[in-house]
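In case you want the letters, here they are:
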Amino acid sequence: MNPTIFADLRNVFADLFPKEPSIRRIVDDAGLDGRKVDFGSSAINIWHSVLAEAEKVDQVEALFRAVEHEGYGNNRAFRDARQAYHHSQGKAVGVELDANPPNPQAHRALWQQRLPALLLGILLLGFAGCETYRAFNGFNAPSTPTSAISNAGSTEETSAKETSTPIDLPTATLPAALPPPTSTATASATATDAAPLTNTPQPAMPAPQPTATVPTPPLCDFAFLVLDDESEEPIRRATVAVFVGAKQETGPTDSTGYYLAHLPCTNERDVEARVRVSADGYQPYNRSVFLSNETTEILLEREATPTTTPTLTFTPIPTLQPRVTATPTPSPCTATVISTTGATQISLRESATGTATSRRIPVGATVVVISSYDNGSAYQIIYQEKNYRGWLPADNLELTPGCIY
């Protein structure tokens, strides 16, 4: 497209539709992909992006039709810009005009040659029609009847024969069904009292009353953007219903989560409306909002996924009866805590080879030996006074006689 024509179209569109909701409506009506249009700038830049996309996908004519559908088909600036575009496109695709246009002088000379014959034909048709009319009404060779009417109103009829003078006229060919015309005719007239004609005035037709037109309130564009509450991703095919007074408009969102409603209003600011939005997998939205000329964002919350609580079943465990075997009760094996270094307390260990703990047993205390490790290198003991349980090396214990582990 010529850059000058492109700029003219862009400026005209920006003047006619300066607001983003109106531009989005035109883009949808023209069948353009709104995701490829940059709506985050001024009106002139948005229309630059729209026109470039329309030219790329060969939808400029669809854009023109969408603008005409909005009622701007007779706008002078729009018509001039579109005509300039069509003219440039006609030259670009190689439209050839007639190289030999008709010559007006040649036409004039041709008509001057044909005009006498045309006039003669019209004259002959007139004579033939006149003769036919006279034949039908018996006026081919009429005689002259005379009627004398006295001043008192009496009537005296006289007849006079008059020789008709033949007129040399062209004879019209009549159909066979018609009677042949007669050369003479006799007519008589009788004067009678005729009723006077009166002209009765007709009543005047009443003048048409002007029909009162109810003003139609203007339409306002209200834009909505439906998003996921958590991810803020657009929700497509969500059903949006907008109620303003007794008017309602319902429709789905597009692939970008966008929906544009056209509702009657007095202005585009602080219009109270009831908005209901529903989508699969989301909780319904039903609130009263105040609309303006800005896009209203609606965040939908996902429906909670029901969780199934497993039912606990208790299976009774059979009670096992222990078998009691008679075993002799061994006598406890005791030992005395000793020190090889002169310490007054010995630290217990968590295991036979583990590190010492903070629990200490005084030297000379008596402990109970319950097991041994590595052939008696360490013993597990219980210090009953403190209820300690742990391990001590064999060097710190002096086992009582008869205590063998």
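Refer to the structure printed above.
Below is a short write-up of the structure. None of these values were measured; they are calculated from a predicted model.

Taken across its six residues, strand β14 (residues 378–383) has five buried, putting it largely inside the fold. Pairing between strand β13 (residues 366–373) and β14: five bridges, direction antiparallel. Each residue of the ladder has a partner; that of Y373, found in β14, is A378. Turn length for the β13-β14 hairpin, with the two strands adjacent in sequence and antiparallel, is four residues, and the turn residue D374 shows positive phi of about 50°. Sheet analysis places β14 next to strand β15 (residues 388–393), joined by six bridges and oriented antiparallel. Residue pairing across strands places I381 opposite G390, the latter belonging to β15. Where β14 folds back onto β15 in an antiparallel hairpin, the turn is made up of four residues, including N387, whose phi is positive at roughly 60°.

Further remarks concern the packing of helix α2 (residues 20–29) against helix α3 (residues 43–56). Packed helices, taken two at a time, are described by the angle between their axes plus the distance between the axes. The interhelical angle for the contact between α2 and α3, taken along N-to-C directions, is 5°, at an axis separation of 11 Å. The angle between α2 and α3 falls in the class roughly parallel. Every residue of α3 that contacts α2 at I23, I26 and V27 is listed here: I46, W47 and V50. Its residues assigned to classes, the contact of α2 with α3 comprises six nonpolar, no polar and no charged.

Turning our eyes to something else, we now look at a nonpolar patch on the surface. Together, W111, L115, L118, L119 and I122 give the surface a local cluster of nonpolar side chains, amounting to about 520 Å² of exposed area. Position of W111 among the secondary structure elements: in helix α6 (residues 104–137).

This next bit is on helix α4 (residues 60–72). Think of an α-helix as 3.6 residues a turn; residues three or four steps apart then line up on the same face. Taking 1.5 Å of rise per residue, 13 residues should cover 18 Å, yet α4 covers just 16 Å from first to last C-alpha, more than 12% shy of that figure. All of the buried residues along α4 are V60, A62, L63, F64, A66 and V67.

Moving on to a negative patch on the surface. A grouping of D229, E230, E232, E233, E297 and E301 is seen on the molecular surface, where their side chains present a negatively charged patch. Looking at the element boundaries, E297 is found in strand β9 (residues 296–300). Looking at E297, the relative accessible area reads 54%, which means it is exposed.

We now examine unusual backbone geometry. Positive phi, normally seen in glycine, also occurs at D58, with a value near 60°. Assignment of secondary structure puts D58 in the loop between α3 and α4. The exposed category is assigned to D58, whose relative accessible area is 65%. We note that E232 has phi near 60°; this positive angle belongs to a residue other than glycine. For E232, the location among the structural elements is in the loop between β3 (219–228) and β4 (239–244). By relative accessible area, which is 54% here, E232 ends up exposed.

Another point: the nonpolar core. Among the nonpolar cores identified, the biggest contains 29 residues, and L9, F13, I23, W47, V50 and L63 are the most heavily contacted of them. Secondary structure elements with two or more residues in this core: α1 (3–16), α2, α3, α4 and α5 (76–92). Those residues in contact with L9 that sit more than four places away from it in its chain are M1, L51, F64, A81, R82 and Y85.

Turning our attention to the packing of aromatic side chains. Enumeration according to the criterion identifies nine aromatic pairs in this entry. For the pair Y373 and W391, a centre-to-centre distance of 6.4 Å together with 85° between the ring planes defines the contact as edge-to-face. Here Y373 is found in strand β13, whereas its partner W391 is found in strand β15, with 18 residues between them in sequence. For Y373, a relative accessible area of 37% corresponds to the partly exposed category. Summarising the aromatic geometry, the rings of Y383 and Y388 are spaced 6.2 Å apart at their centres and angled 50° between planes, so their arrangement reads as tilted. Given a relative accessible area of 5%, Y383 falls into the buried group. We note R24 situated over the ring of F39; from NZ or CZ to the ring centre the distance is 4.0 Å.

In this section: the pairing of strand β12 (residues 356–362). Summarising the sheet, strand β11 (residues 345–349) and β12 pair through four bridges and their orientation is antiparallel. Looking at β12, one finds that Q345 is bridged to P362. Between the antiparallel neighbours β11 and β12 lie six residues.

Strand order in this open sheet of four strands is β5-β4-β7-β8, and the pairing throughout is antiparallel. Edge positions in the sheet fall to β5 (247–252) and β8 (285–291), since each has one partner strand and no second. Going from strand to strand, the sheet's axes swing by 20° on average, the running direction of each strand aside. Pairing of β4 with β5 involves six bridges; the strand directions are antiparallel. Residue pairing for β5: T239 is matched across the bridge by P252.

Rules used in this analysis
Residues numbered from 1 in each chain as written. Predicted model: local features only at pLDDT ≥ 70, side-chain atom pairs only at ≥ 80, totals over all residues. Heavy atoms only, no water. Buried < 20%, exposed > 50% of the residue type's maximum accessible area, 1.4 Å probe, protein only. Helix = DSSP H or I, 4+ residues; strand = E, 2+ residues; numbered from the N terminus. Pairing = 2+ DSSP bridges. Axes fitted to C-alpha atoms, helices over the stretch in contact; angles between N-to-C directions. Parallel < 35°, antiparallel > 145°, perpendicular 65-115°, else oblique. Contact = heavy atoms within 4.5 Å. Nonpolar A, V, L, I, M, F, W, Y, C, P; charged D, E, K, R; others polar. Patch = residues over 30% accessible without salt bridge, like charges linked within 9 Å, V, L, I, M, F, W, Y side chains within 5 Å. Areas by Shrake-Rupley, 256 points an atom, 1.4 Å probe, with all protein chains shown as cover. Salt bridge = Lys/Arg side-chain N within 4 Å of Asp/Glu carboxyl O. Expected span 1.5 Å × (residues − 1). Lys, Arg positive; Asp, Glu negative; His and termini not counted. Charge placed at Lys NZ, Arg CZ, Asp CG, Glu CD. Core = buried A, V, L, I, M, F, W, Y, C linked by side-chain atoms within 4.5 Å. Phe/Tyr/Trp six-rings, centres within 6.5 Å; stacked < 30°, edge-to-face > 60°. Lys NZ or Arg CZ within 6 Å of the ring centre and 35° of its normal.

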